[in-house]
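# Structural description and commentary
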Amino acid sequence: MTVKALQVLIVDDQEDIRWALRTMLKRAGMKSYEASNGREAIDIVKSASPDAMLLDVKMPGMDGFEVFRPHP
């Protein structure tokens, strides 16, 4: 039986934070997607449907709380 790797979306405007999280998730056998802003995050959620999201709440433009709200 094949087990699907957990898919996690990393949303942070800082590249070094995304790199650190991506590295940890990869070591744990998880697949990650990355977004550097809220709009990218929403687009990825709509297309990839990740299982979980690590979301920075303090980002320029659209903050994490806005990303978390429902979007049509």
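Refer to the structure presented above.
Each residue is numbered by its place in its chain's sequence as written, counting from 1. Local features in a predicted model are, by the rule used here, given only for residues with pLDDT of at least 70; side-chain atom pairs are given and counted only at 80 or more, and totals for whole chains, interfaces and linings are based on all residues. Based on all heavy atoms of the structure, the side-chain values leave hydrogens and waters out of the count.

## Some details on the overall build of the protein chain
Scanning the protein chain for helices and strands turns up three helices and three strands. Of the regular secondary structure in the protein chain, the N- to C-terminal order runs β-α-β-α-β-α. Each radius of gyration is computed over the set of C-alpha atoms, and the globule rule expresses the reference value as 2.2 Å times the number of residues to the power 0.38. For a compact globule of 72 residues, the expected C-alpha radius of gyration is about 11 Å, and the protein chain comes in at 12 Å, within 12% of that figure. For the protein chain, the proportion of its 72 residues judged to be buried stands at 29%. Secondary structure elements are defined from DSSP: runs of H or I of at least 4 residues count as helices, runs of E of at least 2 residues count as strands, and each element is numbered from the N terminus. We call a residue buried when its accessible area falls under 20% of the maximum for its residue type, exposed when it is over 50%, and partly exposed in between, using a 1.4 Å probe and counting protein chains only.

## Focus: the pattern of salt bridges
Salt bridge, as applied in this entry: a Lys or Arg side-chain nitrogen positioned within 4 Å of an Asp or Glu carboxyl oxygen. Evaluation of the coordinates by the stated rule reveals six salt bridges. Between Asp 51 and Lys 4 there is a salt bridge, with the nearest N and O atoms lying 3.8 Å from each other. Here the residue Asp 51 occupies a position in the loop between α2 (38-48) and β3 (52-55), and Lys 4 occupies one in the segment before β1 (7-11), the gap between them amounting to 47 residues. For Lys 4, a relative accessible area of 56% translates into the label exposed. With a shortest N-O distance of 3.6 Å, Arg 39 and Asp 43 are connected by a salt bridge. Of this pair, Arg 39 and Asp 43 are both found in helix α2, four residues apart, which corresponds to roughly one turn of the helix. The class for Arg 39 is partly exposed, based on a relative accessible area of 43%. Residue classification places Asp 43 among the partly exposed residues on the basis of a relative accessible area of 41%. Among the charged side chains, a salt-bridge network with shared partners connects Glu 15, Arg 18, Arg 22 and Glu 34.

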